[in-house]
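Reading the structure
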Amino acid sequence: MSTSTADIADEVQPPPHRVAVYVDGLNLYHGLKSRGWRRYYWLNLRQLAEHLLRPGQSLAMVRYFTARFLPRSDDPDQPLRQDTYLKALENLPDLTIQHGYHLPKTGTCRRCGATWATFEEKMTDVNIAVALLHDATRGAFDTAIVISADSDLIGPIDTVLHSYPGKRVVVAFPPNRHSEQLRHQATAAFRLGRRIIADSQFPTQVIDANGFSLRKPARWN
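A brief look at the structure comes next. Per chain, residue numbering runs from 1 following the sequence as it is written. Local features in this predicted model are restricted to residues of pLDDT 70 or higher, and side-chain atom pairs are both shown and tallied only at a pLDDT of 80 or more, whereas totals for entire chains, interfaces and linings draw on every residue. Excluded from the side-chain calculation are hydrogens and water; included are all heavy atoms of the structure.

1. Description of unusual backbone geometry
A positive phi angle, close to 60°, is found at Asp94, a residue other than glycine. Inspection of the secondary structure assignment puts Asp94 in the loop between helix 4 (78-89) and strand 3 (95-99). Positive phi outside glycine occurs at Asn176, with the angle close to 60°. Within the secondary structure, Asn176 is located in the loop between strand 7 (168-173) and helix 7 (180-185). Given a relative accessible area of 44%, Asn176 falls into the partly exposed group. For the purposes of this entry, the term helix denotes a DSSP run of H or I that reaches at least four residues, the term strand denotes a run of E that reaches at least two, and both are numbered from the N terminus. Under the scheme applied here, a residue whose accessible area is under 20% of the maximum for its type counts as buried, over 50% as exposed, and between as partly exposed, the area being computed with a 1.4 Å probe on protein chains only.

2. Focus: the sheet that holds strand 1 (residues 17-24)
Two strands make a pair as long as DSSP finds a minimum of two bridges between them. Ordered by their spatial adjacency, six strands build an open sheet running 3-2-1-6-7-8, and the pairing between neighbours is parallel. Here the strands that pair on one side only, and so sit at the sheet edges, are strand 3 and strand 8 (188-191). Across the sheet, the axes of successive neighbouring strands diverge by a mean angle of 20°, strand direction being ignored. In what follows, residue pairs with any heavy atoms lying within 4.5 Å of each other are defined as contacts. Helix axes are fitted to C-alpha atoms over the stretch in contact, other axes to C-alpha atoms as well, and angles between N-to-C directions run from 0 to 180 degrees. In the packing of helix 4 onto the sheet, contacts are made with strand 2 (57-66) and strand 3, and the angle to strand 2 comes to roughly 155°.

3. Here's the deal with helix 2 (residues 25-35)
Of all the residues in helix 2, the buried ones are Gly25, Leu26, Asn27, Leu28, Tyr29, Gly31 and Leu32. Phi turns positive, to about 80°, at Gly36, one or two residues after helix 2.

4. As for the side chain of Asp208
Here Asp208 shows up in the loop between strand 9 (205-207) and strand 10 (213-215). For the purpose of charge, His is not counted, nor are the chain termini; Lys and Arg are scored as positive and Asp and Glu as negative. Between Lys or Arg on one side and Asp or Glu on the other, a salt bridge is scored when a side-chain nitrogen of the former is within 4 Å of a carboxyl oxygen of the latter. Although Asp208 is buried, it makes no salt bridge; Lys87 carries the closest opposite charge, 6.9 Å away. N or O atoms closer than or at 3.5 Å make up a polar contact, with two conditions inside protein: a donor-capable atom paired with an acceptor-capable one, and, for residues adjacent in sequence, both atoms drawn from side chains. Engagement of the side chain of Asp208 in a polar contact is seen with the backbone nitrogen of Asn210, the distance being 2.9 Å. Apart from residues no more than four positions distant in its own chain, Asp208 is found in contact with Asn91 and Leu214.

5. Structural notes on the pairing of strand 1
It is a general feature of regular strands that their side chains alternate between the two faces of the sheet. The buried fraction of strand 1 amounts to six of the eight residues, a majority that puts the element mostly inside the structure. Bridging between strand 1 and strand 2 involves eight bridges; their strand directions are parallel. Of the residues in strand 2, the one forming a bridge with Val23 is Tyr64. As defined by bridge partners, strand 1 adjoins strand 6 (residues 143-147) across five bridges and the pair is classed as parallel. If you follow Tyr22 over to strand 6, its bridge partner there is Val146.

Following this line, the structure appears as structure tokens:
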């Protein structure tokens, strides 16, 4: 039985380089907010991840880490807008969502002593660290792209790179976010630009698996 040149080429072709993307949701959100880019909140994270791939790479998965907003007197609809967005993300293949939580706290002005109600995000950095280490241990990726500028992730990134020398961890900084420590620790680092974010938007209307229409919140336009 003869073997064709094409068959031999198929046999020796290396497997695709697998990329897993880890998104620090609120770090990305606050980066977009501080840049004045709220019209880009309706972000298709799988499409964004695919735009980050290089030739020969394949997308293994996208992991999104966030915490649900609590109602605020100055913006009572914020949790509803976030819920609409999360439902749109849930329709994307190979994307998982993991939640931390917000802890109510009191902010205080150092100059005048005035106080106000605010919230502190909890568990997101821990959840990213655990997922990154777990996925590295089970061999789920060759390169991890971490979308965050949280320097608390230096430890897990360092552990992955030293424990699994063949793997790469690339940091993608959200707009208006940067960490020099993360840049030095990672295999490589870059900033997400306006073009790639603008090119990774959901359509204004998303139809979910049950046939319901999810529309981009008007306040984000």
